[in-house]
Amino acid sequence: MSAGPSRARSDELHRRAAGLMPGGVNSPVRAMRSIGRDPLYIAAGEGAELIDVDGTRYVDYVCSWGPLIAGHAHPRVVDAVTAAASRGTSYGAPTEREVEIAAAIAERVPSAEMVRMVNSGTEASMSAVRLARAATGRDKLLKFAGAYHGHVDGLLADAGSGLATAGIPASPGVPAAQAAATIVVPWNDRGAVERALDEHEVAAILAEPYPANMGLVPPAGATGIEGGAAGPSFLAFLREQADANGALLVFDEVISGFRVGPGGAQELEGVTPDLTILGKVIGGGLPAAAYAGRRDLMERVAPAGDVYQAGTLSGNPLATAAGLATLELLDGAAYGRLDATATALADGLRAAAAEAGVPVHVTHTTGLLTLFFHDGPVDDYAAARQCDLDRFAAFARAMLDRGVYLPPSQFEAWFPSLVHTDAHGERTLAAAREALRQVAS
Ligand SMILES: Cc1ncc(COP(=O)(O)O)c(C=O)c1O
C-alpha cells in the first residue's frame, strides 16, 4: 500500500468506472496499470498543476499528453474558446479561423504548402497514409518499431505508447492484409531500411522524426535533441532513401509539431518530408489535428482531387480558436522557456540518479524529455524495452506520492509547459532525489 495522499473519492469513481468503461477509462495508458496504480480522477487543472477529486495537487508533466503546451486553463485560450462558443459550437461550413489556422501552419511548418484539418492524430495518420497510397499507386508502408501513429489498423504493428506499455505487439481485429502491408524496421537502423526498400515497393516511409512513444529516442546525428547517437543524420538518410525508391517521406509530428520549435523537428533538422501529420498542440487542448504537405499531393484530396476524406466536426470553431490562441503564445521567448525547463530537469535528473547510484539515460529537447531506467544509450525500441520497468513503476508511484504526476509509462515522454516555473522544477527534482533513493534500495 502506498503512503500517498487520500484517494477515497477517486477509488469510489474507479469502482463505478470499471463496470461502465473498458478498464474504467477512455484511453488505455490513463489506467496506470503498468505502474500498479488506479487512475487519477481529475477535478481541475490550473496552469502546470492538476487537482484530483480528492483535493490532491500534482505538478503535471502529462499535460493531456502534449496538447497543453500553455498549461491548463490558460486565460488566453479560455477566453478564445469562450468567445467562440458564444457564437456557435459548430457550423459544418467554412470559417475565417480555418483559413487563419491553415495559414499559421503553412507559415511555420516547412513542408506544409496546403493543410487539411481533422479531429485526431489517428485520423490525420489514416488520411495521410491513404493519400500516400493514392499518390504512389503502392500499398505497403515502412514504419519503425516503437513508433506510434494512432490506432490505425495497419500502423499498430510493434507500436509504442499504450501498446508498448501493455506489452501488446499487435492488436487482434487487424485484417491480415493490413498487417502484411506494414513493414516494421528498427529505428536508426540504416541497413534494415535499405534491405526493406530493396525487397518491397513502399508508398511511404512513415516516421516520428523525434520519436516519443517509446520514450524520447533521438534520430542518430540529430542536432536539435540531446542524448542520441552521433554520426550522419538518420533523417537525411530517410529522405534520400525515399527519393531513391519512389516512396514518400511522411513525418508524424503530432508530438513534436509546434513543441520542439515553430516548424517542428523537420525545421530543426533541416529535412523536409512530403507530408506531415500534426495534432496535439494545434488543437490547444480541444480535438484538432491536421495533415499537410506538398501542394501537388494535397491537391489530390477531395474536393480538389479524388482521394476522399471528410469530417462533420473538422475545423471546428472552438478547436481552431484554442489552436490559434495557443500558437500566438509560442514566440521565441516561449521556446527559450520550454528549452530551459527541459534542460534543467534533464540535468537535475541525471545528477539525482548518479547521487542515488541508479543507472539512467536521459534524453531531452525543447519541451520533451525521458528518464530511461537503462544503463547505456537508448537508440531504438529494443533498447527501450530493456529498461528496468519495475524500477520505473516504483519511481513513478513514488513521484505521485510526492505530488508529481509523470506519464505513467516508461514508453512516453514528459511534457513540460510554458507555465512550469523554476519552483515547479525544484519541487520535481527534490521529489526525484527522494524517489530515486527509494528505488535504489
Ligand atoms: C506521434 C503520434 N501520432 C499520432 C497519435 C495519435 O493521435 P490521437 O491520440 O489524437 O489520435 C499520437 C498520440 O499520442 C502520437 O503521439
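Provided above is the structure to which this section pertains.
Residues numbered from 1 in each chain as written. Predicted model: local features only at pLDDT ≥ 70, side-chain atom pairs only at ≥ 80, totals over all residues. Heavy atoms only, no water.

A. Summary view of empty space enclosed by the protein. Tallied over the entire structure, the rule returns two cavities of 30 Å³ or more. Here the largest cavity is characterised by a volume of approximately 40 Å³. Lining of the largest cavity is provided by T370, L371, F392, L406, P407, S409, Q410, E412 and W414. Here the lining of the largest cavity is composed, by residue class, of five nonpolar, three polar and one charged. There is about 30 Å³ of room inside the second largest cavity. Residue lining of the second largest cavity: S125, A128, V129, A132, L141, A204, L206, V250 and I277, and that is the complete set. Take the lining of the second largest cavity: its biggest share by element is four residues, from helix α4 (residues 121-136). Here the lining of the second largest cavity is built from residues that sort into eight nonpolar, one polar and no charged. (1 Å grid on protein atoms, 1.4 Å probe; cavity = no way out; pocket = protein on both sides within 12 Å on 5 of 7 lines; lining within 4 Å. Points joined across faces, edges and corners; volume = space filled by probe spheres on them. Nonpolar A, V, L, I, M, F, W, Y, C, P; charged D, E, K, R; others polar. Helix = DSSP H or I, 4+ residues; strand = E, 2+ residues; numbered from the N terminus.)

B. Quick look at the site of the ligand. All residues in the neighbourhood of the ligand are listed as S120, G121, T122, Y148, H149, G150, E208, N213, D252, V254, I255 and K280. Interatomic distance of 2.8 Å between a backbone N/O atom of G121 and an oxygen atom of the ligand. With respect to the ligand, the side chain of D252 contributes an N or O atom lying 2.6 Å from a nitrogen atom. Considering the ligand on its own, with 390 Å² of exposed area, one finds that the protein chains cover 81% of that surface. Of the residues contributing to the shell around the ligand, the split by class is three nonpolar, six polar and three charged. (Near = heavy atom within 4 Å. Polar contact = N/O pair within 3.5 Å; in protein donor to acceptor, adjacent residues only side chain to side chain. Areas by Shrake-Rupley, 256 points an atom, 1.4 Å probe, with all protein chains shown as cover.)

C. Representation of the packing of aromatic side chains in the model. Per the counting criterion, the structure on display carries eight aromatic pairs. Their ring planes at 85 degrees and their centres at 5.0 Å tell us that F144 and W187 sit as a pair that is edge-to-face. Of this pair, F144 sits in strand β5 (residues 140-144) while W187 sits in the loop between β6 (182-185) and α7 (190-199); the two residues are 43 residues apart in sequence, bridging distant segments of the chain. Per residue, the accessibility class of F144 equals that of W187, and both read buried. Taken together, F144, W187, F234 and F237 form an aromatic cluster joined through their ring pairs. Its end group placed over the ring of Y381, R385 keeps NZ or CZ at 4.9 Å from the ring centre. (Phe/Tyr/Trp six-rings, centres within 6.5 Å; stacked < 30°, edge-to-face > 60°. Buried < 20%, exposed > 50% of the residue type's maximum accessible area, 1.4 Å probe, protein only. Lys NZ or Arg CZ within 6 Å of the ring centre and 35° of its normal.)

D. Geometry of helix α1 (residues 8-20). Over its 13 residues, α1 extends 19 Å from the first C-alpha to the last, a length consistent with the 18 Å expected when each residue adds 1.5 Å. Those residues of α1 not exposed but buried are S10, L13, H14 and A17. Mapping the buried residues of α1 onto a view down its axis gives an arc of 105 degrees, with all of them on the same face. Exposed positions of α1 whose direction lies more than 90 degrees from the buried face are A8, R15, R16 and G19. Where α1 is buried, its residues touch β2 (49-52). (Expected span 1.5 Å × (residues − 1). Arc of directions from axis to C-beta. Contact = heavy atoms within 4.5 Å.)

E. Local environment of the packing of helix α12 (residues 332-356) against helix α15 (residues 422-440). Contact pair α12 / α15: the axes reach a minimum separation of 9 Å and the direction vectors enclose 25 degrees. Judged by the inter-axis angle, α12 sits roughly parallel to α15. Once α12 is placed against α15, the crossing between them reads as right-handed. When α12 is examined against α15, the residues R337, A344, L345, G348, L349, A352, A353, E355 and A356 are found in contact with a partner set consisting of D422, G425, T428, L429, A432, R433, L436, R437 and A440. (Axes fitted to C-alpha atoms, helices over the stretch in contact; angles between N-to-C directions. Parallel < 35°, antiparallel > 145°, perpendicular 65-115°, else oblique. Left-handed = near helix turned anticlockwise from the far one by under 90°.)

F. Representation of unusual backbone geometry. The peptide bond linking A302 to P303 adopts the cis configuration, its omega dihedral lying at 5 degrees. Tracing the backbone through its elements, the reader meets P303 in the loop between α10 (295-298) and α11 (317-329). In this structure, M32 is a non-glycine residue whose phi angle is positive, near 65 degrees. Within the secondary structure, M32 is located in the loop between α1 and β1 (42-46). When its relative accessible area of 1% is taken as the criterion, M32 is described as buried. Positive phi outside glycine occurs at N188, with the angle close to 70 degrees. Residue position: N188 is located in the loop between β6 and α7. Look at N188 and you get buried, because its relative accessible area is 19%.

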